[in-house]
Amino acid sequence: QVQLVESGGGLVQAGGSLRLSCGLPGRTFSWYAMGWFRQSPGKEREFVAAINWSGDSTSHADSVKGRFTISRDNGKNTVYLQMNSPKPEEAAVYYCAARRSRASTVRSTTAGEYDDWGQGTQVTVSS
């Protein structure tokens, strides 16, 4: 199993910014497309963003376009989610996910398409 570890969560003001990180040390990170999902208690995991293995193709949920940006650094085995101006309703546990794929484009926006998950990092947004 792939071991993913998220970090960077915490308290952020609605007009602020936060960057989440997800690392996969000791594995061939470039074999995987990566995604970010979020989940609130009692709700299903929601797609936030995804990126292909090389980082030249990304997808973002309509609700976060222009505010959140996914990126990756294969040299550091790390994927990031830059969160600018998060909204209070976007407070949730954010999960990093991996899907073994070297496709040129990323289209995986459903949680079931991913093979491995991290434990999540809590993001709280204050107003």
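Residues numbered from 1 in each chain as written. Predicted model: local features only at pLDDT ≥ 70, side-chain atom pairs only at ≥ 80, totals over all residues. Heavy atoms only, no water.

Peer 1: Outline the overall build of the protein, supporting the account with residue identities and numerical values.
Peer 2: If you tally the helices and strands in the protein, you get zero helices and eleven strands. When the helices and strands of the protein are read in sequence order from the N terminus, they spell out β-β-β-β-β-β-β-β-β-β-β. In terms of overall size, the protein behaves like a compact globule, its C-alpha atoms giving a radius of gyration of 13 Å where 127 residues would be expected to give roughly 14 Å. Principal axes of the C-alpha set define a box for the protein whose edges measure 40 × 30 × 25 Å. Across the 127 residues in the protein, those meeting the buried criterion constitute 46%. (Helix = DSSP H or I, 4+ residues; strand = E, 2+ residues; numbered from the N terminus. Rg over C-alpha atoms; globule rule 2.2 N^0.38 Å. Buried < 20%, exposed > 50% of the residue type's maximum accessible area, 1.4 Å probe, protein only.)

Peer 1: Give a detailed account of the sheet that holds strand E3 (residues 17-23), specifying residues and quantitative values.
Peer 2: Pairing in this open sheet of four strands is antiparallel, and the strands run E1-E3-E8-E7 from one edge to the other. Each of the sheet's edge strands pairs with one partner strand only, and the pair in question is strand E1 (5-7) and strand E7 (68-73). Across this sheet, the average inter-strand angle for adjacent strands is 20 degrees, counted without regard to direction. Of the pairings in the sheet, the one linking E1 to E3 comprises three bridges and is antiparallel in character. In the sheet register, Ser7 faces E3, and the bridge partner there is Ser21. (Pairing = 2+ DSSP bridges. Axes fitted to C-alpha atoms, helices over the stretch in contact; angles between N-to-C directions.)

Peer 1: I'd like to hear about the environment of Val79, residue by residue, with values.
Peer 2: One can find Val79 in strand E8 (residues 78-84). The spacing of Val79 and Gln122 is 43 residues in sequence and 17 Å in space, taken between C-alpha atoms. Val79 has contacts with Leu20, Ser21, Cys22, Phe29, Met34, Trp36, Ile51, Ile70, Ser71, Arg72 and Cys96, leaving out every residue within four places of it along the chain. (Contact = heavy atoms within 4.5 Å.)

Peer 1: Quick rundown of the pattern of salt bridges? Include the residues and the values.
Peer 2: Tallying each qualifying case throughout the model produces four salt bridges. Via salt bridges that share partners, Arg38, Glu46, Arg67 and Glu90 belong to a single interconnected network. (Salt bridge = Lys/Arg side-chain N within 4 Å of Asp/Glu carboxyl O.)

Peer 1: Please give an account of the nonpolar core that cites residues and values.
Peer 2: Among the nonpolar cores identified, the biggest contains 32 residues, and Met34, Trp36, Val79, Leu81 and Tyr94 are the most heavily contacted of them. Going through the elements one at a time, E3, strand E4 (32-39), strand E5 (46-51), E7, E8, strand E9 (92-100) and strand E11 (121-126) are the ones with two or more residues in this core. (Core = buried A, V, L, I, M, F, W, Y, C linked by side-chain atoms within 4.5 Å.)

Peer 1: Describe the confidence of the model for the protein, and please don't skip the residues or the numbers.
Peer 2: Taken residue by residue, the protein gives an average pLDDT of 94. The fraction at 70 or more is 98%. Here E1 is the element of the protein with the lowest mean pLDDT, 93, and E5 is the one with the highest, 98. (pLDDT = per-residue confidence, 0-100.)

Peer 1: Any details on the side chain of Arg67? Residues and values, ideally.
Peer 2: Along the polypeptide, Arg67 turns up in the loop between strand E6 (58-60) and E7. Arg67 sits in the buried class, given a relative accessible area of 14%. Contact partners of Arg67, with chain neighbours within four places excluded, come to Gln82, Met83, Asn84, Ser85, Pro86, Lys87 and Glu90.

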